[in-house]
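Summary of structural features
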Amino acid sequence: MAKFEPKIIAFACNWCTSAGADLAGTSRMKYQPNSTIIRVMCSSRVDPQHILRAFKQGADGVFVGGCHPGDCHYLTGNYNTLRRVKLLKKMMQDMGIDPQRLQLEWVSAAEGQKFVQVINEFTDKIRKLGALNLSKETSN
């Protein structure tokens with residue numbers, strides 16, 4: 001039997017997390033290739049509907065990365081993201097989706113190693129949880 005490999009969608013803010021991922025890449029740091037990174041201008045631009053759609057389209061996990069609190073290019077974007085993710089995790093629980101499948105992390109442009117670490121740890125966590133396999137009732 002083939003080992004389960006999770007599909008992860010990673011939303012990364014342009015100014016910090018995406019730049020941290022770029023630093024990891026240019027520094028030739030290795031991380032698990034299960035994530036598809038989608039660059040957004042700010043983590044607050046990730047609407048909860050984007051996250052739910054990622055799950056509906058087959059993602060086993062969704063990662064959202066933003067600037068550290070107090071360092072947001074748009075001042076309060078990451079605080080908005082934090083509130084939305086907390087609320088969405090409660091909604092996911094009610095929908096029968098394990099809230100551990102959604103992770104929010106603050107990763108700065110200078111933290112390439114941290115990006116590698118959090119992506120690898122999240123991938124391992126999702127691998128242990130297994131495939132999401134939303135039922136038709138849940139995904140409609």
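No experiment lies behind these values; they were computed from the predicted model shown.

**Looking at the pairing of strand S2 (residues 35–40)**
The pairing of strand S1 (residues 8–13) with S2 spans 6 bridges and is parallel. Residue pairing across strands places alanine 10 opposite isoleucine 37, the latter belonging to S2. For the crossover from S1 across helix H1 (residues 17–26) to S2, the handedness is right-handed.

**Some remarks on the environment of phenylalanine 122**
Its location among the elements puts phenylalanine 122 in helix H4 (residues 112–129). Measuring from C-alpha to C-alpha, the distance between phenylalanine 122 and methionine 92 comes to 18 Å, with 30 residues separating the pair along the chain. Sequence-distant contacts of phenylalanine 122, that is, excluding residues within four places in its chain, are made with Ile8, Gly61, Val62, Phe63, Gln100, Arg101, Leu102 and Gln103.

**Remarks on the nonpolar core**
Judged by nonpolar contacts, the single largest core of 18 residues is most densely connected at Phe11, Ile51, Val62, Val64 and Leu102. Contributing elements (two or more residues each) for this core: S1, helix H2 (48–56), strand S3 (61–66), helix H3 (77–95) and strand S4 (102–106). Discounting residues that sit within four places of it in the chain, valine 64 has contacts with Phe11, Ser43, Val46, Ile51, Thr81, Leu102, Gln103, Leu104 and Glu105. Counting residues in each nonpolar core, the second largest holds 12 residues, with Val107, Phe115, Ile119 and Phe122 among its members.

**Here's the deal with a nonpolar patch on the surface**
On the surface, a cluster of nonpolar side chains totalling about 300 Å² of accessible area is made up of Trp15, Met41 and Tyr74. Within the secondary structure layout, tyrosine 74 lies in the loop between S3 and H3.

**Focus on the packing of H2 against H3**
Two elements in contact, H2 and H3, have axes whose closest approach is 11 Å; the angle formed by their N-to-C orientations is 40 degrees. Regarding the angle of H2 to H3, the classification is oblique. In this structure, H2 meets H3 at a crossing whose hand is right-handed. When H2 is examined against H3, the residues Pro48, Ile51, Leu52 and Phe55 are found in contact with a partner set consisting of Arg84, Leu88, Met92 and Met95. Partitioned by chemical class, the residues of the contact of H2 with H3 number 7 nonpolar, no polar and 1 charged.

**Some details on the sheet that holds S1**
On the basis of which strands lie adjacent, the open sheet formed by 4 strands has the order S2-S1-S3-S4 and parallel pairing. Only two strands of the sheet have a single neighbouring strand rather than two, namely S2 and S4. Averaged over all pairs of adjacent strands, the angle between strand axes in this sheet comes to 20 degrees, irrespective of strand direction. Here S1 pairs with S3 via 5 bridges, running parallel. Opposite phenylalanine 11, over in S3, you have valine 64 as the bridge partner. Across the sheet, H2 lies against S1, S3 and S4, angled at about 150 degrees from S3, the strand it touches most. Seen against the sheet, H3 touches S3 and S4 and runs at an angle of roughly 160 degrees to S4.

**Quick word on the pattern of salt bridges**
One pass over the full model with this rule turns up 3 salt bridges. The partner of aspartate 22 in a salt bridge is arginine 39, and the shortest N-O contact between them spans 3.5 Å. With aspartate 22 in helix H1 and arginine 39 in strand S2, the pair connects residues that are 17 residues apart, well separated along the chain. Taking relative accessible area as the criterion, arginine 39 reaches 47% and is therefore assigned partly exposed. We note a salt bridge from arginine 127 to aspartate 124, for which the minimum N-O separation is 2.9 Å. Residue arginine 127 and its partner aspartate 124 are located together in helix H4, separated by 3 residues, close to a single helical turn. On the accessibility criterion, aspartate 124 (31% relative accessible area) is partly exposed. Residues joined in a network through salt bridges with shared partners are Glu5, Asp124 and Arg127.

Conventions we followed
Residues numbered from 1 in each chain as written. Predicted model: local features only at pLDDT ≥ 70, side-chain atom pairs only at ≥ 80, totals over all residues. Heavy atoms only, no water. Pairing = 2+ DSSP bridges. Helix = DSSP H or I, 4+ residues; strand = E, 2+ residues; numbered from the N terminus. Right-handed = clockwise from strand over helix to strand, strands pointing away. Contact = heavy atoms within 4.5 Å. Core = buried A, V, L, I, M, F, W, Y, C linked by side-chain atoms within 4.5 Å. Buried < 20%, exposed > 50% of the residue type's maximum accessible area, 1.4 Å probe, protein only. Patch = residues over 30% accessible without salt bridge, like charges linked within 9 Å, V, L, I, M, F, W, Y side chains within 5 Å. Areas by Shrake-Rupley, 256 points an atom, 1.4 Å probe, with all protein chains shown as cover. Salt bridge = Lys/Arg side-chain N within 4 Å of Asp/Glu carboxyl O. Axes fitted to C-alpha atoms, helices over the stretch in contact; angles between N-to-C directions. Parallel < 35°, antiparallel > 145°, perpendicular 65-115°, else oblique. Left-handed = near helix turned anticlockwise from the far one by under 90°. Nonpolar A, V, L, I, M, F, W, Y, C, P; charged D, E, K, R; others polar.

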